[in-house]
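A closer look at the structure
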Amino acid sequence: MNLLGLARHGLNNFEQVAIVCVVLIAFISLFYAWMLRGKVMKKDKGSAKMQEIWLAISEGAESYLGRQLKTILPSIGILTVLLFLSVYIVPPTREAMEEFPKNTQLIIAIGRSIAFIMGAFFSLTVGQLGMRMAIQANVRAASASRRSFNEALTIAYYSGTVTGMLTDGLGLFGGTVIFIIFGKAAPDTLLGFGFGGTLLALFMRVGGGIYTKAADVGADLVGKVEKGIPEDDPRNAAVIADQVGDNVGDCAGMAADIFESYEVTIVSGLILGLALMAIDPTHSLKWIVYPLVIRAIGVISSILGTFTVPIWEKFPLRLLRAKDAEEAMFRSYEVSSFNTILWAFVVAVTYAHDWRMGMLTTIGVGLAVAFNPLTSYFTSTKKKPVKDIVKSTRTGAATTILSGLSVGMESTVWALVVIVLSFIGALLLYGQDGNPLYVMYAVAMIGIGMLSHTGNNVAMDSYGPISDNANGIGEMAWHDMEDEETKKARQIMADLDAVGNTTKAITKGVAIASAVIAAVSLFASFITDVGIVQVRLGLPKMTAIRVSETGVFIGLLLGGALPWLFSSLSIKAVTRAAGLIVEEVRRQFRIPGLMEGKVKPDYARVVGISTTAAQKELVPLAVLCILMPITVGLILGVEALGGFLAGIILSGQLLAVFMSNTGGAWDNAKKSVEDQPRDLAANTGKGSEAHKAAVVGDTVGDPLKDTAGPALNPMIKVVNMVSLIIAPVIVKYGKMTWGLIAVALVLGAAMIWAVLRSKRDAPALVEAPEEKK
């Protein structure tokens with residue numbers, strides 16, 4: 001048998017059939033996404049007023065993504081050339097020469113460059129198509145809320161599932177096709193694929209996060225705190241920009257973020273699998289084929305799970321019926337988890353002949369499942385931490401801030417403990433096999449298992465901004481309507497929106513944990529790859545990172561500092577952009593007749609301010625992430641670069657979870673106060689002093705949970721991918737020379753430029769047309 005020419009890679013008949021099935025399942029995932037899209041698009045878009053608001057949101061989002069694409073394309077072009085040249089630094093691997101005896105380096109160089117473009121394109125496609133689907137869904141979900149809770153839930157969740165299945169399908173297809181073409185030489189090419197997806201995710205996460213929170217903070221500070229009007233009041237000039245931000249940040253950014261984690265775990269798994277194959281006495285390909293098969297099983301599980309979400313709310317047996325949307329989503333996740341674990345053990349026992357591989361998948365799935373109740377506990381309106389924050393709002397903004405910080409700090413410790421427990425599981429299962437490479441591979445397989453339900457994760461995340469947008473469209477379109485049907489629809493949308501805040505926090509937790517797992521896997525791949533390159537160059541082989549070495553410890557300290565600098569610059573960018581929007585919204589509120597509803601705000605002007613501000617931060621922050629590991633490696637050496645990566649992983653994980661959960665807890669505390677009966681004398685409900693304190697907490701938390709925190713995920717992986725790619729250069733030219741010092745100085749100057757550019761003061765606003773008159 002020789003399906004798709006796979007026999008030349010040494011695959012047996014079962015492995016060939018399995019790989020072909022993986023490709024077919026990738027197409028099934030894309031077909032399922034197309035089918036759900038058709039189901040959603042058949043729903044109506046509501047009244048003319050709702051469609052007018054929806055059109056403004058759509059135009060703003062399209063404008064932003066168009067500007068963003070123009071900003072990042074030059075960077076993609078430059079990096080494609082550099083990746084092509086990077087292959088020529090060291091001699092080709094033995095596996096590459098076996099696969100391609102002639103023109104080995106040229107073929108690998110072309111493959112890495114094309115894979116980089118493909119990874120970037122797939123990441124961009126997932127983000128942009130996911131965002132457009134969310135925009136199509138929000139107005140339809142708002143309209144459906146006037147009919148039933150279940151219909152609105154179905155539209156919002158199935159639309160998010162479209163993005164999730166795009167992520168599954170394209171990620172699985174890309175990695176598998178590269179393996180089909182390059183075989184045992186695939187890891188060299190997959191580095192480009194992973195880096196392309198990771199870099200685009202960084203651009204989309206950072207730009208979208210700055211946009212969404214600048215608009216949100218500006219809208220809340222002036223609208224809620226200063227003017228005392230509702231969150232989505234149409235008189236607020238920033239309200240459309242706020243709705244646009246939900247789509248470009250939480251939909252496009254998050255989808256690209258999880259997609260690149262999906263890619264990166266495959267990259268690290270195949271790199272380590274190939275290394276294990278070399279030391280395995282049987283030279284079995286199971287180390288490479290197994291992760292691809294598990295990913296395919298996960299796609300089928302996601303299809304089964306996501307399809308059942310609307311069913312749980314109307315399940316015939318009352319005992320199993322979901323009480324709310326959150327419980328329905330958790331049930332669907334359990335369906336997916338059961339199916340994946342069952343078939344993982346079947347494949348592990350019958351094909352790999354090693355039950356421990358099935359156990360690794362189980363640990364990974366369990367890790368993802370554990371983050372659901374863990375994150376929910378610290379961010380849900382029903383749990384004690386958020387209730388404690390609600391109590392603290394009664395004594396002012398300061399106690400609200402302190403209470404939220406305390407919740408976030410505790411949550412990040414428990415998140416780390418859960419991740420550590422999964423690593424201990426890998427150590428217990430493979431720690432006795434005599435080679436640390438087995439444990440490294442085990443950690444990578446935990447990452448594969450954790451992201452096997454990417455379809456569910458992205459669906460839950462996209463559901464959040466879709467329901468938020470739907471609620472906003474309803475508020476704006478129905479602000480002067482008080483009939484019973486409208487009141488019921490408002491409550492349905494408010495309930496769905498509240499659940500959306502929790503699901504966003506949960507999926508952010510899963511995304512951060514998966515980023516850490518992926519980064520640890522890449523860290524293991526870094527050690528393995530460096531050792532291979534050193535052997536090929538006749539140098540002593542590095543087998544571990546010695547923290548006791550001064551240079552390595554310096555690298556560790558610098559790595560631990562980078563997430564803090566990156567977050568500082570991200571938050572400063574939001575602060576600067578939000579200041580511009582606050583000034584503009586205040587100016588528009590001074591226009592005669594606007595507060596009375598006689599004059600329509602200039603929404604487009606605020607959308608333009610947010611778009612411009614977000615684009616200016618993309619290049620400096622990307623430059624910092626790409627150049628800092630190169631500089632550290634050139635100056636301190638390849639082992640110190642390993643210490644640098646270790647510092648980033650630890651510091652980044654703790655900081656990212658802290659910021660994400662702190663912001664999520666403040667957000668839901670605010671919603672809890674808003675749901676209280678309005679009684680100013682008792683200091684409860686909207687308009688009360690407690691509500692104002694809650695809004696301050698939510699406003700402070702917005703850039704933490706939606707900009708700086710989530711942006712650390714791709715940042716950690718960009719640094720790891722750059723380190724993997726640049727490691728051969730450092731190994732070969734690592735001895736300090738004047739030429740190397742000159743290169744390091746140039747890179748250092750570029751980083752200083754990036755930091756100073758990101759810290760510059762905001763430009764003054766251009767006068768509005770009416771002011772010029």
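This text gives an overview of the structure that appears in the document. (Residues numbered from 1 in each chain as written. Predicted model: local features only at pLDDT ≥ 70, side-chain atom pairs only at ≥ 80, totals over all residues. Heavy atoms only, no water.)

**Let's talk about the overall build of the protein chain**
This is how the line gets drawn: Each helix is a run of DSSP H or I of at least 4 residues and each strand a run of E of at least 2, with the numbering of both proceeding from the N terminus. We call a residue buried when its accessible area falls under 20% of the maximum for its residue type, exposed when it is over 50%, and partly exposed in between, using a 1.4 Å probe and counting protein chains only. Using the Shrake-Rupley algorithm and a 1.4 Å probe, accessible areas are obtained, with residue cover drawn only from the displayed protein chains. The charge count treats Lys and Arg as positive and Asp and Glu as negative. His and the chain ends do not count. Where a charge lies is defined by one atom per residue type, namely NZ (Lys), CZ (Arg), CG (Asp) and CD (Glu).
Helix and strand content of the protein chain: 23 helices and zero strands. By principal-axis analysis of the C-alpha atoms, the protein chain measures approximately 80 × 65 × 40 Å. Relative to its full complement of 773 residues, the protein chain shows a buried share of 65%. By element, 67% of the accessible surface of the protein chain is carried by carbon and sulfur atoms, the whole surface being about 27,100 Å². Within the protein chain, the 63 negative side-chain charges are centred at a point lying 2 Å from the centre of the 67 positive side-chain charges.

**A word on a nonpolar patch on the surface**
Let me state the cut-off plainly: Each patch is built from residues lacking any salt bridge and having more than 30% relative accessible area; the joining distance is 9 Å for like charges and 5 Å for nonpolar side chains (Val, Leu, Ile, Met, Phe, Trp, Tyr). For this document, the term salt bridge refers to a Lys or Arg side-chain nitrogen within 4 Å of an Asp or Glu carboxyl oxygen.
A cluster of nonpolar side chains, namely Val 413, Trp 414, Val 417, Val 420, Leu 421, Ile 424 and Leu 428, defines an oily patch on the protein surface of about 640 Å² accessible area. Here Leu 421 shows up in helix 13 (residues 397-430).

**Observations regarding helix 21 (residues 689-732)**
The condition that has to hold: One fewer than the residue count of a helix, multiplied by 1.5 Å, yields its expected span. To get the bend at a residue, fit one axis to the 7 residues ending there and another to the 7 starting there, then take the angle between the axes.
Compared with the 64 Å implied by 1.5 Å per residue over 44 residues, the 64 Å span of helix 21 between its first and last C-alpha is a close match. In helix 21, a bend of some 45° at Ile 726 exceeds every other bend along the element, and Pro 728, a proline, comes one to four places later. Taken across its 44 residues, helix 21 has 39 buried, putting it largely inside the fold.

**What about the environment of Leu 190?**
Quick reminder of the rule: A contact between two residues is defined here by any heavy atoms of the two lying within 4.5 Å.
As for its position among the elements, Leu 190 is in helix 6 (residues 186-226). Residues Leu 190 and Gly 298, 108 residues apart in the sequence, show an inter-C-alpha distance of 21 Å. Apart from the residues lying within four places of it in its own chain, the contact partners of Leu 190 are Gly 175, Ile 178, Val 267 and Leu 270.

**Quick notes on the side chain of Thr 361**
Among the secondary structure elements, Thr 361 is positioned in helix 11 (residues 355-379). Here Thr 361 falls in the buried class, since its relative accessible area comes to 1%.

**Here we look at the side chain of Ser 610**
Considering the arrangement of structural elements, one finds Ser 610 in helix 18 (residues 603-616). Overall, Ser 610 belongs to the buried group, its relative accessible area being 1%. Leaving out residues up to four positions away in the same chain, Ser 610 has contacts with Tyr 211, Ala 215, Ala 241 and Ile 581.

**A look at the packing of aromatic side chains**
The following threshold applies: Ring geometry is summarised as follows: Phe, Tyr and Trp rings, the Trp one being its six-membered ring, pair when their centres sit within 6.5 Å, and such pairs are stacked at plane angles under 30 degrees, edge-to-face over 60 and tilted between the two. By definition, being over a ring means that NZ of Lys or CZ of Arg is both within 6 Å of the ring centre and within 35 degrees of the ring normal.
In the structure shown here, the tally under the stated rule is 13 aromatic pairs. When the ring of Tyr 158 is compared with that of Phe 307, the centres are 6.3 Å apart and the planes differ by 15°; the resulting orientation is stacked. Placement of the pair is Tyr 158 in helix 5 (residues 149-182) and Phe 307 in helix 8 (residues 286-307), with a sequence separation of 149 residues. Classification of Tyr 158 by relative accessible area gives buried; the value is 4%. One aromatic cluster is present, formed by Trp 287, Tyr 430, Tyr 438 and Tyr 441 through successive ring pairs. We note Arg 295 situated over the ring of Tyr 262; from NZ or CZ to the ring centre the distance is 4.0 Å. The cationic tip of Arg 356 hangs over the ring face of Tyr 430; the distance from NZ or CZ to the ring centre is 4.0 Å.

**What about the packing of helix 19 (residues 618-636) against helix 21?**
Formally: Inter-axis angles, ranging from 0 to 180 degrees, are taken between N-to-C directions of lines fitted to C-alpha atoms, where helices are fitted over the stretch in contact. Note that the term roughly parallel is reserved for angles under 35 degrees, roughly antiparallel for angles over 145, roughly perpendicular for angles of 65 to 115, and oblique for everything else. The crossing is said to be left-handed when, going from far helix to near helix, the turn is anticlockwise and less than a right angle, and right-handed when the turn is clockwise. Residue polarity is assigned by list, with Asp, Glu, Lys and Arg as charged and Ala, Val, Leu, Ile, Met, Phe, Trp, Tyr, Cys and Pro as nonpolar; anything else, Gly included, falls into the polar class.
It is at 9 Å that the axes of helix 19 and helix 21 come closest, and there the two elements cross at 40°. Considering their axes alone, helix 19 and helix 21 lie oblique with respect to each other. The element helix 19 and its partner helix 21 pack so that their crossing is right-handed. Packed against helix 19, whose contacting residues are Cys 625, Ile 626, Pro 629, Ile 630, Gly 633 and Leu 634, the element helix 21 presents Met 715, Val 718, Val 719, Val 722, Ser 723, Ile 726 and Ile 730 at the interface. Its residues assigned to classes, the contact of helix 19 with helix 21 comprises eleven nonpolar, two polar and no charged.

**What to know about the pattern of salt bridges**
Pairs may arise between side chains of opposite charge once their charged atoms sit close together. If you walk through the whole model with that rule in mind, you get 27 salt bridges. The partner of Asp 216 in a salt bridge is Lys 213, and the shortest N-O contact between them spans 2.7 Å. A residue pair is termed a helical-turn pair when its members lie 3 or 4 positions apart in one helix, as Asp 216 and Lys 213 do in helix 6 at three residues. As far as the burial class goes, Asp 216 and Lys 213 line up, both buried. One salt bridge connects Glu 584 with Arg 605, and the closest N-O pair in it is separated by 2.9 Å. Highlighted residues: Glu 584 in helix 17 (residues 550-589) and Arg 605 in helix 18, separated in sequence by 21 residues. You'll find Glu 584 and Arg 605 in the same group, each marked buried. Shared partners join several salt bridges into a network, and the residues in it are Lys 213, Asp 216, Asp 667, Lys 670, Asp 698, Asp 702, Lys 705 and Asp 706.

**Brief notes about helix 16 (residues 484-536)**
Along its 53 residues, helix 16 runs 75 Å from first to last C-alpha, staying within 8% of the 78 Å computed at 1.5 Å per residue. Along helix 16, 41 of the 53 residues are buried, which leaves the element largely enclosed by surrounding structure. Looking at the residues trailing helix 16, positive phi occurs at Gly 538, about 75°.

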